[in-house]
There are 2 protein chains.
Amino acid sequence: MAPETYAPLTPETIPARLGGLPALRALIGPDPATWRAVEVGDGNLNLVFIVSGPSGKAVAKQALPYVRLVGESWPLPLERAWFEWNALTREAARAPGSVPTVHHFDREQALLVMEFLDDHVILRKSLIAGVEHPGLASFLGLFCARTLFRSTDLSLPTAEKKADVALFAGNVALMDITEALVFTDPYRDAPMNRHTPGLEALVAELRADEALKVEAQHLKWAYTANAEALLHGDLHTGSIMAVGDRISVIDPEFASYGPIGFDVGMLIANFLMAYHAQSGHEAAPGERDGYREWILGVAEGIWTTFVAEFARLWREERRGILYPAALYEDQGQPAAAERALADRLGAIWVDALGFCGVEIHRRILGLAHNADFETIAYEARRAACEAPALRLGRALVHGRRTIGSMADVCALARAEDAAGR
Amino acid sequence: MAPETYAPLTPETIPARLGGLPALRALIGPDPATWRAVEVGDGNLNLVFIVSGPSGKAVAKQALPYVRLVGESWPLPLERAWFEWNALTREAARAPGSVPTVHHFDREQALLVMEFLDDHVILRKSLIAGVEHPGLASFLGLFCARTLFRSTDLSLPTAEKKADVALFAGNVALMDITEALVFTDPYRDAPMNRHTPGLEALVAELRADEALKVEAQHLKWAYTANAEALLHGDLHTGSIMAVGDRISVIDPEFASYGPIGFDVGMLIANFLMAYHAQSGHEAAPGERDGYREWILGVAEGIWTTFVAEFARLWREERRGILYPAALYEDQGQPAAAERALADRLGAIWVDALGFCGVEIHRRILGLAHNADFETIAYEARRAACEAPALRLGRALVHGRRTIGSMADVCALARAEDAAGR
């Protein structure tokens, strides 16, 4: 239920409604009458405005009480802006510089006013256009390691971690979307599913694969039960903005406590899908061969950086209740702490590969598709890109306990890509 | 902080303070002046009174704002009574007849007035005295399966489950006790630890065992992060009352969401300790041979019943968001649902054996010991009982991924017991 005072912004009402805020007047311009606002939201859920004035710009993001893409028939609580704001402020503290600065938050209006990221584009568009971003893998690996590690009981005072588990447990409606659309619907004939014509035989094969469907629900169990770390919750290449080597992560409204491997696996999945989409974007076969490999390099680099930074934080910032130095280093047994770290990273890896696999499946078989594939106009060509990705997803879910490295994952992707052409 | 109106009850003030409650007057007697109250608390934390009158009895349990055993220097929030009441009402709904009926709850006074369990004794006392209780294994296996299964996302509407995860995440102080005393302190020279003289060499061996200490913290990770089911949280034989075949589970003030294997493993651990304590209670060697085996039979029966009932509930009451029939049975793939069940029970088993092992260790090496061993007056004899239990605990933690059945666990217990004599 929206509060009675809630009212959606419009370009016309923004100067009057936000002009009273000193922080915005200082940023955009002292006279709100000179401000201009444009609605630019292209996502599925919210209103997004760019507000410009003589001295600067800001982004205003306001939740609607329903799913924008579908309409009022699919209500969605405004409170998601409250969870987004809570997640954003925590990400800013834990991975400084990696998310937009928040200028203003209004819980009743479900409104966040944030830094305008000049010239940035959605990373997914770069990946479709064949644009490289230096430092991308390192940025994303660090973002994952820092936001995740620093929200666990490895790092936070446990009372603070438990209070945050309680807080984010309220983000039920957004978790419900993930629970249904990622882990269940792609594996059955659900009403909102769609897929490219030509994939029917493969889709039937996946839905007949009992072991695959059991693993998908094991992963859902982990998503719903394992409150390890505060997840971004929707960490795909559409939630990342970039220009050159300047990168920012946005839109954590799906934030919840969950398994560390969820963010990492979903992120890597989106690079693997970008990889498989490349032959759909080539003007001539082989044109994107170099770029293709750059993408796999990013996927591999995200994991390598994540592991290195997680290990650094484990060694330098392990001040929570878990694996205390009092049991290991302080007893002259530093090797035990390293052994525990290796075990934890191993468990994160197994989770991440699983989440990676189901994320690929749901983006091709479920409701919410990726522009990487959707922008491939010819259906037969699109299906020829999607089929290898689906097979890779299945191989990752089945093989998550045996696949040993990101190099092996990339080799699997290359093999599926080659077999699909 | 205690509310200003909070005041501990005394036998003298009980008639005046509780006499105004119609439910209690109906139960105990219409004239509170005829009531008598006796303080009988022998636990570590709370005041417990039996209130009697011409027509009946009731038990009044009131939390103190500190640990009773230690005194005001160890404060403990009164809110634990609120969590206990919430847990008790849920247990009553999910496993009807297995917990005392609540007559009255007062959150400000941290006071629960409950059914008086006529003639019941703490089960641990029976196990020390050599008393058998028919139906014990079945009762406890059913209690675990029902309270645990029915609090998961296999069964509850997920919004209700998430609200309960949030609620019980507030029970920080009691979880903190478990986190420190079960998983960490026993494995280092912590100030409040104590152990029977004669165990020094074995204690040193355990604390030097790096793999053991890594596993102990993996189990702590699972306890703090894996919000699978609403745990009783302190399910040992001192939290069970029994007379003949009438059995009741009490004292869920440690309730929190956690891994299913925690309750099951802790419970079985306490039977295994009772087993190893038997030779300390024998007047002549072999006198308790039959009883010893009865105890192992109970441990085995708890697991067997738990598995059978969990499986029944899986097949008949799986109405939550996890492993939906829509993916399996409704697709003509019932074998997939059975495969998922077997996987889940396998994971619970691995967890349970681990929790079982650390529970044994902490009861012999940590702060809170068991009367099973403590009532063995001669230290050398006590140590001779405790050492095999410690070795069994280690074998369970190390072997939790390979030990295949409760029969194997019992065989290990017998072997350690025989080697220790």
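Residues numbered from 1 in each chain as written. Chains lettered and ligands numbered in written order. Predicted model: local features only at pLDDT ≥ 70, side-chain atom pairs only at ≥ 80, totals over all residues. Heavy atoms only, no water.

Caption draft 1: The packing of aromatic side chains, seen in detail. On inspection of all chains with the given rule, the structure shows 32 aromatic pairs over all chains. Seen in terms of ring centroids, A:Trp221 and B:Tyr323 are 6.5 Å apart; in terms of plane orientation they differ by 55°. Their pairing is tilted. Here A:Trp221 is found in helix 9 (residues 210–225), whereas its partner B:Tyr323 is found in the loop between helix 11 (289–316) and helix 12 (334–365) on a different chain. Like B:Tyr323, A:Trp221 is buried. The lysine or arginine in question, B:Arg107, covers the ring of B:Trp82, its NZ or CZ lying 3.8 Å from the ring centre. (Phe/Tyr/Trp six-rings, centres within 6.5 Å; stacked < 30°, edge-to-face > 60°. Helix = DSSP H or I, 4+ residues; strand = E, 2+ residues; numbered from the N terminus. Buried < 20%, exposed > 50% of the residue type's maximum accessible area, 1.4 Å probe, protein only. Lys NZ or Arg CZ within 6 Å of the ring centre and 35° of its normal.)

Caption draft 2: Local environment of the pairing of strand 10 (residues 240–243) of chain B. All names here are of chain B. Note that strand 8 (residues 121–122) and strand 10 share 2 bridges and pair antiparallel. What sits directly across from Ile122, in strand 10, is Met241. Joining the antiparallel neighbours strand 10 and strand 11 (residues 246–249) is a turn of 2 residues, in which Gly244 adopts a positive phi near 55°. (Pairing = 2+ DSSP bridges.)

Caption draft 3: How the structure looks around the nonpolar core. Counting residues in each nonpolar core, the largest one holds 267 residues, and the members touching the most others are A:Phe271, A:Phe306, A:Phe310, B:Phe271, B:Phe306 and B:Phe310. B:Phe310 has contacts with B:Ala145, B:Phe149, B:Leu154, B:Ile260, B:Leu341, B:Leu345 and B:Ile348, leaving out every residue within four places of it along the chain. (Core = buried A, V, L, I, M, F, W, Y, C linked by side-chain atoms within 4.5 Å. Contact = heavy atoms within 4.5 Å.)

Caption draft 4: Focus on the sheet that holds strand 10 of chain B. Residues and elements named next belong to chain B. The 3 strands lie next to each other as 8-10-11, forming an open sheet whose pairing is antiparallel. Pairing within the sheet leaves two strands with one partner each, and these edge strands are strand 8 and strand 11. Docked against the sheet, helix 5 (residues 136–149) engages strand 10 and strand 11, running at close to 30° with respect to strand 11. (Axes fitted to C-alpha atoms, helices over the stretch in contact; angles between N-to-C directions.)

Caption draft 5: A look at the pattern of salt bridges. In the structure shown here, the tally under the stated rule is 50 salt bridges over all chains. Residue A:Arg90 pairs with A:Asp164 through a salt bridge whose shortest N-O separation is 2.6 Å. Linking A:Arg90 in helix 3 (residues 80–94) with A:Asp164 in helix 6 (residues 158–168), this pair joins segments that are 74 residues apart in sequence. Both residues of the pair, A:Arg90 and A:Asp164, belong to the buried class. Here B:Lys61 makes a salt bridge to B:Asp251, at a shortest N to O gap of 2.6 Å. One end of the pair, B:Lys61, is in strand 3 (residues 57–63); the other, B:Asp251, is in the loop between strand 11 and strand 12 (256–258), and 190 residues separate them in sequence. (Salt bridge = Lys/Arg side-chain N within 4 Å of Asp/Glu carboxyl O.)

Caption draft 6: Structural context of the interface of chain B and chain A. Contacts between the two partners involve 47 residues from chain B, matched on the other side by 47 residues from chain A. Interface area, chain B with chain A, both sides summed: about 4100 Å², of which 64% is carbon and sulfur. Sorting the residues of chain B by area buried against chain A places B:Lys162, B:Trp221 and B:Leu327 first, and these three jointly supply 18% of that buried surface. With a shortest N-O distance of 2.6 Å, A:Lys162 and B:Glu179 are connected by a salt bridge. Those elements giving two or more residues to the side of chain B that touches chain A turn out to be helix 6 (158–168), helix 7 (172–183), helix 8 (200–208), helix 9 (210–225) and helix 12 of chain B. Element by element, the count of residues in the side of chain B that touches chain A is highest for helix 9 of chain B, at 10 residues. (Buried area = accessible area lost by both parts, 1.4 Å probe.)

Caption draft 7: Quick peek at the pairing of strand 5 (residues 71–75) of chain A. Residue and element names in this part refer to chain A. The sheet contact formed by strand 4 (residues 66–67) and strand 5 spans 2 bridges and is antiparallel. Its bridge partner lying in strand 5, Val67 is registered against Gly71. Between strand 4 and strand 5, which follow one another and run antiparallel, lie 3 residues.

Caption draft 8: A look at the side chain of B:Ser256. Residue and element names in this part refer to chain B. Within the secondary structure layout, Ser256 lies in strand 12. Using a relative accessible area of 1% as the deciding quantity, one classes Ser256 as buried. Excluding residues within four positions of it along the chain, Ser256 makes contact with Phe168, Met175, Tyr223, Ala229, Leu230 and Leu231.

Caption draft 9: Spatial organisation of the relation of the copies chain B and chain A. Taken as rigid bodies, chain B and chain A are interconverted by a rotation of 180° and an axial shift of 0.0 Å, the fit giving an RMSD of 0.0 Å. Such a combination of turn and shift is consistent with a two-fold rotation axis. An overlap of 100% is found between the interface residues of chain B and their copies at the interface of chain A, pointing to a shared contact surface. (Least-squares fit on C-alpha atoms with pLDDT ≥ 70 in both.)

Caption draft 10: Seen up close, the environment of A:Glu329. All names here are of chain A. In this fold, Glu329 is placed in the loop between helix 11 (289–316) and helix 12 (334–365). What makes Glu329 partly exposed here is its relative accessible area of 31%. For the pair Glu329 and Arg315, spaced 14 residues apart in the sequence, the C-alpha separation amounts to 10.0 Å. Sequence-distant contacts of Glu329, defined by excluding residues within four places in its chain, comprise Arg318, Pro334 and Ala337.

Caption draft 11: The domain arrangement of chain A, seen in detail. All names here are of chain A. Domain assignment breaks chain A into domain 1 (14–115) and domain 2 (121–420). Taking only C-alpha atoms into account, the centre of domain 1 sits 27 Å from that of domain 2. Of the roughly 2100 Å² buried between domain 1 and domain 2, counting both surfaces, carbon and sulfur atoms make up 66%. Counting the contacts that link domain 1 with domain 2 gives 6 residue pairs in polar contact (both at pLDDT 80 or more). In terms of residue count, helix 3 provides more of the side of domain 1 that touches domain 2 than any other element does, 10 residues in total. Looking at the side of domain 1 that touches domain 2 residue by residue, the classes come out as 11 nonpolar, 4 polar and 7 charged. (Domains from an automatic or database assignment. Polar contact = N/O pair within 3.5 Å; in protein donor to acceptor, adjacent residues only side chain to side chain. Nonpolar A, V, L, I, M, F, W, Y, C, P; charged D, E, K, R; others polar.)

Caption draft 12: Representation of unusual backbone geometry in the model. For A:Tyr323, which is not glycine, the phi dihedral falls at a positive 50°. Under the relative-accessibility criterion, A:Tyr323 is labelled buried at 0%. With phi around 50°, B:Ala110 is a residue other than glycine that occupies positive phi space. Mapping B:Ala110 onto the fold places it in the loop between strand 6 (102–106) and strand 7 (111–115).

Caption draft 13: Highlighting the packing of helix 14 (residues 379–399) of chain B against helix 15 (residues 406–420) of chain B. Residue and element names in this part refer to chain B. Viewed as axis vectors pointing N to C, helix 14 and helix 15 meet at an angle of 145°, and their least axial separation amounts to 9 Å. In the crossing of helix 14 with helix 15, the sense of the turn from one axis to the other is right-handed. Facing helix 14, whose interface residues are Ala384, Pro388, Arg391, Leu392, Ala395 and Leu396, helix 15 presents Val409, Leu412, Ala413, Glu416, Asp417 and Gly420. Grouping the amino acids of the contact of helix 14 with helix 15 by side-chain chemistry returns 8 nonpolar, 1 polar and 3 charged. (Left-handed = near helix turned anticlockwise from the far one by under 90°.)

Caption draft 14: How the structure looks around the sheet that holds strand 6 (residues 102–106) of chain A. Residues and elements named next belong to chain A. What the 5 strands build is an open sheet, ordered 1-2-3-7-6; its pairing is antiparallel. Lying at the two open borders of the sheet, with one neighbouring strand each, are strand 1 (36–39) and strand 6. Across the sheet, the mean angle from the axis of one strand to that of its neighbour is 20°, orientation sign disregarded. Here strand 2 (residues 46–52) pairs with strand 3 (residues 57–63) via 7 bridges, running antiparallel. Residue Ser52 lies in a different strand from strand 3, and its bridge partner there is Lys57.

Caption draft 15: Quick look at the environment of B:Pro324. Along the chain, the position of B:Pro324 falls in the loop between helix 11 and helix 12. Placed 133 residues apart in sequence, B:Pro324 and B:Pro191 show a C-alpha to C-alpha distance of 49 Å.

Caption draft 16: Structural view of helix 5 (residues 136–149) of chain A. Residues and elements named next belong to chain A. With 14 residues, helix 5 should cover 20 Å at 1.5 Å per step; its first-to-last C-alpha distance of 20 Å lies within 8% of that length. Within helix 5, 11 of the 14 residues are buried, which leaves the element mostly enclosed by the surrounding structure. Residues Leu136, Ala137, Phe139, Leu140, Gly141, Phe143, Cys144, Ala145, Thr147, Leu148 and Phe149 constitute the buried set of helix 5. (Expected span 1.5 Å × (residues − 1).)

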